[in-house]
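Structure at a glance
Spelled out, the chains give:
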Amino acid sequence: MSVRDLLPIVAVVGVLALIPFGASANTVLNFLVFTLIIAIAAQGWNILGGYGGQFSFGHAAFFGTGAYATAMLQVHLGLNAWVAFAIGIGAGAMVGLVIGFLSFRSGLRGSYFSLITLAFAEVLRIVANASAITGGAAGLLIKLDVRPANFQFHSRAAFFWIGLALVALVLVLTRWLEHSRFGAQLMAVRENEDAARALGVDALTVKLGAIALSAAITAAAGCLYAQYFLYLDSTIAYGLWISVEALLAPIVGGIGTVFGPLIGALALHGLGNLTSLMAGRIPGIDLVVYGALLVLVVAFAPDGLLGLVKRLRARLFRRAATETA
Amino acid sequence: MFAPEIVLTAVLNGLLTGSVYALVALGLTLVYGVLHIINFAHGALLTAAMFAVLVAHLGLGLDPYVAILILTPLFFALGYLLQRFVIGPAGHGSDTNLLLVTLGLSIVIENALLAVFRSDTRSIDVPYAFASIDIGFTLLSVPRVVAFVVALAVALALGAILTLTDIGKGIRAVAKEKLGAALVGIDVNHVYAVTFGLGTACLAVAACLLMPTFYVTPRVGNAFVLVAFTIVVLGGMGSILGALLGGFIVGVVESLCGLYFGESLGQIGVFLIFILVLLVRPTGLFGAKA
Amino acid sequence: MLAVERITKRFGGLVAINDASLSAGQGRITGLIGPNGAGKTTLFAVIAGFEPPTAGRVLFEDIDITTEPVHRRAHRGIARTFQIMQPFAGLTVRDNIAVGAHLRHRARKDALEKAEAVARQVGLGGVLDRQADGLTVAGRKRLELGRALATAPKLLLLDEVLAGLNPSEIRDMIPVIDAIRESGLTILMIEHVMQAVMGLCQHIYVLAEGRIIAEGPPDAISRNPRVVEAYLGHGAAARRRGSEASHV
C-alpha cells in the first residue's frame, strides 16, 4: 500500500476533522456523531457484504453485542470503559465467528444466509429483552461520570473525533484489504466460490475471517453508541433498524468500495434530516425515504452513488475525447 | 409439571394460531415457489391489510368477516400491481436485488403506516370477540376457531386453483420451468404478478381473521413475517402442504414454549427451529432442492 | 503422477462412473475422450475433489487424496479448468489470474507480476486490464487456462478447453498447450476435438457410459472398433469395415 493509496483517505478525514471548528452547535454535532456510528457499522457490513458478497440481514447481532458487552462490563464489573470497549469489539468478533461457522459450515449462501443472520439477531434480541443481566425490557444505563478516563467527554466534538478516528482506521483497513492476498481471495469467493476453491482458496476460512472482521468493526460502532448515549435496550441494541442501516449505507454509497459506506451514511442521514425538517416531525417519514431510496438505487444505480459518479466521469471523458478528435 | 388439560389446551390453541400462521405462510411459499424470491415485504403487507380492516371497521362499520369479501380482491390487485410494476422491473432478475427491493418496500410500507397511524396499539371491538365454545375440559375462542376453519378452506381453495384452473396450471408451469413456459406462450410476467396477488390476497384474509382478537401496530407484521419464514423453510419452499403442516408445528411449538418458558421467551422456540432447520435441512419437509 | 483406482460414483440410482481406473504419466499429455454424457466431467470433479467418489481411490504422487478438500489438492499441485467457464466476472483479467498466483505468492506485488507473465504466456498480455466478462469465448478459455497455470501446478486437468472455438482459434491454442507440457507439467485433458486429441496426447482413455472401454496410444484408439461403436452406435464398426472394403 503506497502513500498514493492513503492520500484520498487522509484528505477526506482531514476535511471532516475540521467540521467541529466551523459548526459547533450541539444538534449538528449530535447528527454527525450518530452518522459516524452508523458509518462504522456500515463499514463493517461492507467487508462481508461488499467485498465478500455475503449479504447479512442481521448485523444488529454484532452491534448489540459490542454495545451490551461494553455496558455490562462497566455496570456489573466496574471495568474501565476503554478496556470494556476493547473487550466489546472482541465479543462481537466472537459472535461473528460462531454465526459464521454455523452458517458457512452448513453451506448456506445467498438468501438463506441472509435469513439465518436475521434469525440470529432476533434470537439475541429476545434473549436480551428477557434477561436480567441485560436489564431486561427496562434496559441498561451506564452511570454518568464524565471523565476522559471513563470514555465520557463533555464536548461532543471529542466523540466526533474519536468516531472519525475509528472511521479513518477502517478506511485504511479496507484499502489494505483491497491490496492484500486475503482481499483478493475474498473477492474471488464473492465472484465464484467453486472457481476460487479450485485455485487453492480455502473458502471457509476466508469467509470466517471476513465475518469476524466485519463483526468486530460493527461491534466497535455499538461500543461507541453505548458510550455516547449511555443507554441501551434490546430494540436499540439488536433491533432491525441497525441491521437495515448497516446494509443501506454501503448499497447507497457504493457497495464494495472504500468510501461507499461513509458516503452512504452521510447521504442517507443528511437526506433523512432534510426530510424531517421539511415534513415536520412525522415519525417514520425519514424511513419511508430510506426505503424508497433503496428501491430506486437497486433499480437504477446498483453501484450506488460512487458508481453513478464513475459512470458520469466516464461519459464526460468520452465526450471530451470525441470533441477533441 | 402441568396438568394434561393445560398442555392439551396449549396444543389446541397452538393449532388454532398455527392455522393463521399457515395462511400467512401460504402466500410467502407460493411466491417463493414460483418467483424464487424471498419476499421481505410480506410482513409489511400483512400490517397494511390489518390496518385496512381497521379502517373498514371504524370508517365504514364493516365487520371483519364481511370485509373479507372486499379486501381480498383489493389486496389481490395491490399485489398484482406491485409485482408487475415495481418489484419485477426494479429487480432486474437478480436474487440479491429482489431481496433488497422487497426489503426497501417493506420499509416504505411500514413507515408510511407509522406516519399515518402513529405507533399506538389499535384494535377493533366486535361483539363476538370474547365468545367461546366449551369443549369439556377447556374453552376455545370462537373467532379463533372460525379463523382455523377459514384458513383451511383458503388453503384448499388455493390448492384447487392451482390444480384445476388454467391460470393455476400456468403458475405451476412457470414454477417448474420458466423458459419452457415462456416458449409455449405463457405470459410469465402476468403469472408472476398473479402469484404475488394470490399471496397478498391470502394476507388480506389472514388480516380479517386476526383483527377480532388481535391488535395492530405498524410493526406487528414483523413478528408475523419471521414466523412465516420459519414455517416456509420448515415446510419446504414452494409447498402448500408444507406451509400448512409447518404452520401447525410452529404454532404448537410456540404455544408450548410460552407455557413452559414464559411469554417473553415463547417466540425463541420458533427462531431456534428456524436456525436448526436452515443448518440441518434447508430444503425443509417437502421442499424441492433450493 | 496421478492414479485413479476403480472409481465408482453414484447419484442416487444413477451410476455416473463405473469402476473406472486411469493413470496420467508424469510429463505426458493423457487424453480422456468419450461420447457426451459418458461421465468425463464427473470423473474430473472426483479427481479435483468437488465430488466424493462412492468407491475407489485417487492417488496423487502415490499419496491417497481421495478425501482431501478441493483447495488442499490445489496446494499439492492439481489445477483444473471448468467446462462451463467460471470467470471472476467483476474482476479484471490481471486480478483473475492473480488469485491463482496468490497460491504460491503471498505479496500482492509478486502475485500481480506472476499474473502478467502467465497472461502473456497464454496470449492475454494485451487485455490485462479488461474486465473478465468482457472477453470473447476464446479469451475466456485462455483466462481459465491462465488462472490454473498461475497456481504453478504439477498436474493440469483441462476440461474441454477447446470447446466452442473456431478452427483458427483451435490452431492457435494447440501450441500453447504443447508448450505447457514442454515446461514439465503433466496434463490430463477431456476433449472432443479429435484432431487435437490425436495430435497432442501420448496416451488416451475412452470412457463410455461410465466405464473405461479402451486405452492406448492415439492410432490404436482410432482403429479400435469398440471406440467407433461407442461414438457411432452398435454395428458401426462392421459397417465401416464393409464400406472401406468396397472402396478398394
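Keep in mind that what you see is a predicted model, and the values were worked out from it rather than measured.

**Focus: the overall build of chain C**
Broken down by element type, chain C carries 10 helices and 10 strands. Its C-alpha radius of gyration of 19 Å places chain C within 12% of the 18 Å reference for a compact globule of 248 residues. Dimensions of chain C, computed from the C-alpha atoms along their principal axes, are close to 65 × 40 × 30 Å. Relative to its full complement of 248 residues, chain C shows a buried share of 44%.

**Some words on the interface of chain A and chain B**
The interface is formed by 35 residues belonging to chain A together with 35 residues belonging to chain B. Of all the elements, helix H6 (residues 110–130) of chain A adds the most residues to the side of chain A that touches chain B, at 14 residues. Tallied by class, the residues present in the side of chain A that touches chain B amount to 27 nonpolar, 7 polar and 1 charged.

**Here's the deal with the nonpolar core**
Counting residues in each nonpolar core, the largest one holds 290 residues, and the members touching the most others are Ile40 of chain A together with Ala49 and Ala207 of chain B. Among the domains, domain 1 (2–77 + 153–246) and domain 2 (86–152) of chain C are the pair contributing at least three residues each to this core. If near-sequence neighbours (up to four positions away) are discounted, alanine 207 of chain B is found in contact with Leu46, Ala49, Met50, Ala52 and Val53 of chain B.

**So, the interface of chain A and chain C**
Contact with chain A, which involves 18 residues of that partner, is made by 23 residues of chain C. Contributing elements (two or more residues each) for the side of chain A that touches chain C: helix H8 (181–191) and helix H9 (193–198) of chain A. Per element, the largest residue contribution to the side of chain A that touches chain C is 6 residues, and it comes from H8 of chain A. Considering only residue class, the side of chain A that touches chain C consists of 8 nonpolar, 5 polar and 5 charged.

**Side note on the environment of glutamate 5 of chain B**
Residue and element names in this part refer to chain B. Tracing the chain through its elements places glutamate 5 in helix H1 (residues 4–35). C-beta crowding within 10 Å serves as the criterion here: with 11 such atoms nearby, glutamate 5 is assigned to the exposed category. For the pair formed by glutamate 5 and arginine 172, sequence separation is 167 residues and the distance between their alpha carbons is 43 Å.

**Section: helix H5 (residues 142–164) of chain B**
Here H5 of chain B is 23 residues long and its end C-alpha atoms lie 32 Å apart, about the 33 Å a rise of 1.5 Å per residue gives. Buried positions along H5 of chain B lie against H1, strand E2 (139–141), helix H6 (166–176), helix H8 (188–210) and helix H10 (240–261) of chain B.

**Some points on the packing of helix H4 (residues 60–77) of chain A against H6 of chain A**
Residues and elements named next belong to chain A. In contact at an axis separation of 8 Å, H4 and H6 are set at 35° when each is read in the N-to-C sense. Together, Ala60, Ala61, Gly64 and Tyr68 of H4 and Phe120, Ala121, Leu124 and Ala128 of H6 make up the contact between the two elements. A class-by-class count of the residues in the contact of H4 with H6 yields 7 nonpolar, 1 polar and no charged.

**As for H8 of chain A**
For H8 of chain A, the buried fraction is high: 10 of the 11 residues fall into the buried class. Burial in H8 of chain A covers these residues: Arg181, Gly183, Ala184, Gln185, Leu186, Met187, Ala188, Val189, Arg190 and Glu191 of chain A. At its buried positions, H8 of chain A is contacted by helix H3 (26–51), helix H7 (156–178), H9 and helix H10 (203–229) of chain A together with helix H3 (93–101) and helix H4 (108–121) of chain C.

**Focus: the confidence of the model for chain C**
Model confidence for chain C is summarised by a mean pLDDT of 87, while 94% of its residues fall at 70 or above. If you check the scores for this complex, the pTM reads 0.88 and the ipTM reads 0.87.

**Concerning the sheet that holds strand E1 (residues 2–11) of chain C**
Residue and element names in this part refer to chain C. Across the sheet, 4 strands lie side by side as E2-E1-E4-E5; this open sheet has antiparallel pairing. Edge strands, defined here as strands with exactly one partner in the open sheet, are strand E2 (14–24) and strand E5 (63–64). In this sheet, E5 lies alongside strand E4 (residues 55–60) in antiparallel orientation, the contact comprising 2 bridges. Each bridged residue has a counterpart across the sheet, and for leucine 59 the counterpart in E5 is aspartate 64. Across the sheet, helix H1 (residues 40–48) touches E1, E2 and E4, and the angle it forms with E1 is around 115°.

**Here we look at the sheet that holds strand E6 (residues 78–80) of chain C**
Residues and elements named next belong to chain C. Taken in spatial order, the 6 strands make up an open sheet running E6-E7-E8-E3-E9-E10, and their pairing is mixed. Both outer strands of the open sheet, E6 and strand E10 (211–216), are each paired with one neighbouring strand and no more. Averaged over all adjacent pairs, the angle separating strand axes in this sheet is 20°, with direction ignored. When strand E3 (residues 29–33) meets strand E9 (residues 203–208), the two strands line up parallel, connected through 4 bridges. Within E9, the residue paired with glycine 31 across the bridge is isoleucine 204. Across the sheet, H1 is in contact with E3, E6, strand E7 (155–159), strand E8 (186–190) and E9; its angle to E7 comes to roughly 150°.

**Considerations on the arrangement of the chains**
Taken together, the 2 pairs of chains in contact show their highest number of contacts between chains A and B. Between chain B and chain C there is no contact, and the shortest C-alpha to C-alpha separation is 14 Å.

**Some remarks on the pairing of E1 of chain C**
Residues and elements named next belong to chain C. The pairing of E1 with E2 spans 7 bridges and is classified as antiparallel. Within E2, the position partnered with arginine 10 by the bridge is valine 15. The antiparallel hairpin formed by E1 and E2 contains 2 residues in its connecting segment, where glycine 12 sits at a positive phi of about 65°. Across 5 bridges, E1 lies against E4 in antiparallel orientation. Opposite alanine 3, over in E4, you have leucine 59 as the bridge partner.

**Details of unusual backbone geometry**
With a phi close to 60°, phenylalanine 151 of chain A is a non-glycine residue in the positive phi region. In this structure phenylalanine 151 of chain A comes out as buried when scored by C-beta crowding, with 25 C-beta atoms within 10 Å. Phi angles above zero are rare outside glycine, and glutamate 209 of chain C is one such case at about 50°. Topologically, glutamate 209 of chain C is positioned in the loop between E9 and E10.

**Quick notes on the environment of threonine 217 of chain B**
Assignment of secondary structure puts threonine 217 of chain B in the loop between H8 and helix H9 (220–235). Every residue in contact with threonine 217 of chain B, bar those within four places of it in the chain, is listed here: Ser119 and Thr121 of chain B.

**Points about the domain arrangement of chain C**
A common way to report how large an interface is uses the accessible area buried once the components associate. All names here are of chain C. Structurally, chain C comprises domain 1 (2–77 + 153–246) and domain 2 (86–152). The straight-line distance from the C-alpha centre of domain 1 to that of domain 2 is 25 Å. At the junction of the two partners, domain 1 supplies 10 residues and domain 2 supplies 12 residues. Secondary structure elements with two or more residues in the side of domain 1 that touches domain 2: helix H2 (70–76) and helix H6 (167–182). Top element by residues in the side of domain 1 that touches domain 2 is H6. It accounts for 3 residues. Of the residues that constitute the side of domain 1 that touches domain 2, the class distribution is 7 nonpolar, 2 polar and 1 charged.

**Re the packing of H7 of chain A against H10 of chain A**
All names here are of chain A. One can describe the packing of H7 onto H10 by two numbers: an axis separation of 11 Å at closest approach and a directional angle of 180°. Relative to H10, H7 is oriented roughly antiparallel. Listed contacts from H10 to Phe159, Gly163, Leu166 and Val170 of H7 are Ile217, Ala220, Leu224 and Tyr228.

**Some words on the environment of leucine 287 of chain A**
Checked against the element boundaries, leucine 287 of chain A lands in helix H14 (residues 285–300). Exposure remark for leucine 287 of chain A: the 21 C-beta atoms within 10 Å place this residue in the buried category. Apart from residues no more than four positions distant in its own chain, leucine 287 of chain A is found in contact with Ile107 and Asn111 of chain B.

Cut-offs applied
The residue numbers shown here count from 1 along each chain, following its written sequence. Here the convention is simple: chains get letters from A, ligands get numbers from 1, in the order in which they are written. Per-residue local features of the predicted model are confined to residues with pLDDT of at least 70, and side-chain atom pairs are confined, for both listing and counting, to 80 or more; whole-chain, interface and lining totals are unaffected and use all residues. Secondary structure counts use DSSP, requiring at least four H or I residues in a row for a helix and at least two E residues in a row for a strand, with both numbered from the N terminus. For a compact globule the rule gives 2.2 Å times the number of residues to the power 0.38, and the radius of gyration it is set against comes from C-alpha atoms. For the exposure call, what matters is how many other C-beta atoms sit within 10 Å of a residue's own: 20 or more marks it buried, 12 or fewer exposed, and in between partly exposed, using C-beta atoms placed from the backbone. Any two residues are considered in contact once their C-beta atoms, placed from the backbone, lie within 7 Å. By the convention adopted, Pro, Cys, Tyr, Trp, Phe, Met, Ile, Leu, Val and Ala count as nonpolar, Lys, Arg, Asp and Glu as charged, and the other residues, Gly among them, as polar. Structurally, a nonpolar core is described as a collection of buried Ala, Val, Leu, Ile, Met, Phe, Trp, Tyr and Cys residues joined by way of C-beta atoms within 7 Å. All the domain ranges listed were derived from an automatic or database domain assignment. Expected helix span is computed as 1.5 Å times (number of residues minus one). Angles here are taken between N-to-C directions and fall from 0 to 180 degrees, while the axes themselves are lines fitted to C-alpha atoms, restricted in helices to the stretch in contact. Confidence per residue, as judged by the predictor, is encoded in pLDDT with a range of 0 to 100. For two strands to be treated as a pair, DSSP must find no fewer than two bridges joining them. Each angle receives one of four descriptions, namely roughly parallel if under 35 degrees, roughly antiparallel if over 145, roughly perpendicular if within 65 to 115, and oblique otherwise.

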